[in-house]
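This is what each chain is made of:
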Amino acid sequence: MIDRARREGVDRLTTLSLVGGARPVADGRDLRRLRALIRDVDVVHVHRGKEHWLAAMANRLIAAPRPIVRTRHIAQAVRPHAANRWLYRRGTAFVVTVTDAIRRQYVAAGLIDPDHVAALPGGADTERYHPLPRDPETYRRLGGQPDRPLVGMIAGLRVMKGHEIVVEAAARLSARGVRPHFVFIGRGPMERAVRDAIERAGLGSRFTFAGFVDDLPAALAALDIVLYTPLDSDGMSRVVFEYLAAGRPLIAARVGVVPEVLTDGEHAALVPAGDAQALADALERLASDPAASSRLGDGGRRLVEARYSGARVAAALEARYTSLVAAGA
């Protein structure tokens with residue numbers, strides 16, 4: 001993010017410790033630095049609980065407190081205890097959530113007035129992520145073969161991301177004689193367990209583990225079908241919008257932001273979370289019908305361009321910042 005900010009011309013960048021848990025020395029140092037920094041800004045935007053609390057405290061140590069905006073990325077409900085009620089009712093000017101379900105949690109808990117919280121999903125960089133011609137070397141490196149669809153999933157290898165559901169779906173497809181090649185892009189603590197599941201299913205030749213890739217748009221262009229299969233909502237789901245912006249046919253579990261923004265058969269093929277049979281059926285349909293896959297890819301790209309581009313999200317945030325500053329003035 002820092003490198004990207006520099007490329008965009010941001011010349012003032014400051015980093016803080018923001019270590020997890022209660023760390024009195026580091027937290028005290030961050031609090032003093034935040035107090036000095038906040039005096040010179042118009043709006044403070046925070047994304048995690050630690051910096052939210054530090055910013056709210058620093059804000060009370062200056063003569064003219066600045067509006068604080070909090071983005072909530074995860075689906076776990078915020079507990080409405082007394083400290084959080086103070087933080088959101090007194091210490092926060094506005095809350096942005098990445099799904100409407102998270103927004104409703106805040107309102108139902110009474111943590112914030114309905115007009116002080118808004119859902120703002122999406123945000124794919126449509127200049128970086130867009131339909132591209134396939135690079136043969138990238139395709140080969142990811143396991144692509146001329147006679148088989150290449151199915152890809154971009155996600156950290158963690159339990160809730162659903163890699164083992166993909167393996168089970170692949171086994172069901174293999175039993176039917178349908179044998180696409182799968183590639184997992186990313187790393188994580190579940191890699192050994194996922195590899196073991198693949199070997200137990202006798203599917204070692206059907207999977208590639210690509211790890212991290214330097215050129216994600218090129219990797220997306222190499223994929224015939226992309227997957228988003230978490231077992232539960234992981235909140236922001238930015239990769240969903242990057243898939244769509246790249247024009248890739250998407251099969252997505254109905255969790256989090258997916259059912260709020262995508263229409264089955266128009267923008268993606270939607271399946272129940274954790275349902276390997278439904279995933280296998282959707283894969284077989286798309287693998288056997290290139291025209292349907294192409295329609296989904298085109299529909300997803302149009303949706304992102306119309307409603308969920310990074311530029312639109314940035315414009316909505318800028319408008320909110322402007323209104324908060326005007327109200328404070």
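You'll find the structure just up there.
As a convention, each chain's residues are numbered from 1 in the sequence order in which they are written. The model is predicted, so local features are restricted to residues of pLDDT at least 70 and side-chain atom pairs to those at 80 or more, both for listing and for counting; the totals for chains, interfaces and linings are taken over all residues. Remark: hydrogens and water are excluded; side-chain values derive from all non-hydrogen atoms of the structure.

1. Comments concerning the sheet that holds strand β10 (residues 269–271)
- Spatially, six strands are ordered β7-β6-β5-β8-β9-β10 in an open sheet, and the strand pairing comes out parallel. Each of the sheet's edge strands pairs with one partner strand only, and the pair in question is β7 (207–211) and β10. Recorded for the sheet is a direction-independent mean angle of 20° between the axes of neighbouring strands.
- Any two strands with at least two DSSP-identified bridges between them are counted as paired. Numbering of helices and strands starts at the N terminus; helices are DSSP runs of H or I of at least 4 residues and strands are runs of E of at least 2. Pairing between strand β5 (residues 150–154) and strand β6 (residues 181–185): five bridges, direction parallel. Across the sheet, the residue bridging to Leu150 is His181, located in β6. Interaxial angle, 0 to 180 degrees, is taken between N-to-C directions of lines fitted to C-alpha atoms, where a helix line uses only the stretch in contact.

2. Points about the packing of helix α3 (residues 49–59) against helix α4 (residues 82–89)
- Put simply, α3 and α4 touch, their axes get as near as 11 Å, and they point 65° apart. What the angle tells us is that α3 and α4 run roughly perpendicular. Where α3 crosses over α4, the two elements pack in a sense that is left-handed. Taken together, the residues of α4 that come into contact with α3 (itself represented by His52, Trp53 and Ala56) are Ala83, Asn84, Trp86, Leu87 and Tyr88.
- When grouped by side-chain class, the residues that make up the contact of α3 with α4 number six nonpolar, two polar and no charged. Each angle receives one of four descriptions, namely roughly parallel if under 35 degrees, roughly antiparallel if over 145, roughly perpendicular if within 65 to 115, and oblique otherwise. Left-handed is the label given to a crossing in which the near helix is rotated counterclockwise from the far helix by less than a right angle, and right-handed is the label when the rotation is clockwise. Only heavy atoms enter the contact rule, under which two residues are in contact if any of them lie within 4.5 Å. Under the convention adopted here, Pro, Cys and the residues Ala, Val, Leu, Ile, Met, Phe, Trp and Tyr are nonpolar, Asp, Glu, Lys and Arg are charged, and Gly plus all remaining residues are polar.

3. A look at α4
- Whether a residue is buried, partly exposed or exposed follows from its accessible area with a 1.4 Å probe, protein chains only, as a fraction of its type maximum: under 20%, in between, or over 50%, in that order. Those residues of α4 that fall on the buried side of the exposure criterion are Asn84, Leu87 and Tyr88. Along the axis of α4, the buried residues cluster in a sector spanning 85°; they form a single face. Exposed side chains of α4 directed beyond 90 degrees from the buried face belong to Ala82 and Arg89.
- If you follow the buried residues of α4, they end up packed against α3, β2 (68–72), β3 (94–97) and α5 (100–109). Throughout, the arc means that of the directions going from the helix axis to the C-beta atoms.

4. Here's the deal with the packing of helix α10 (residues 238–245) against helix α13 (residues 290–307)
- Between α10 and α13, the least distance of the axes is 7 Å, while the angle of their chain directions is 115°. Considering their axes alone, α10 and α13 lie roughly perpendicular with respect to each other. Listed contacts from α13 to Phe241, Leu244 and Ala245 of α10 are Gly297, Gly300, Arg301, Leu303 and Val304.
- Grouping the amino acids of the contact of α10 with α13 by side-chain chemistry returns five nonpolar, two polar and one charged.

5. With respect to the environment of Tyr308
- With respect to the helices, strands and loops of the structure, Tyr308 is situated in the loop between α13 and α14 (310–328).
- With 233 residues separating them along the chain, Tyr308 and Ala75 place their C-alpha atoms 20 Å apart.
- Residues within four places of Tyr308 in sequence aside, it is in contact with Pro121, Gly122, Gly123, Ala124, Phe241, Val261 and Leu303.

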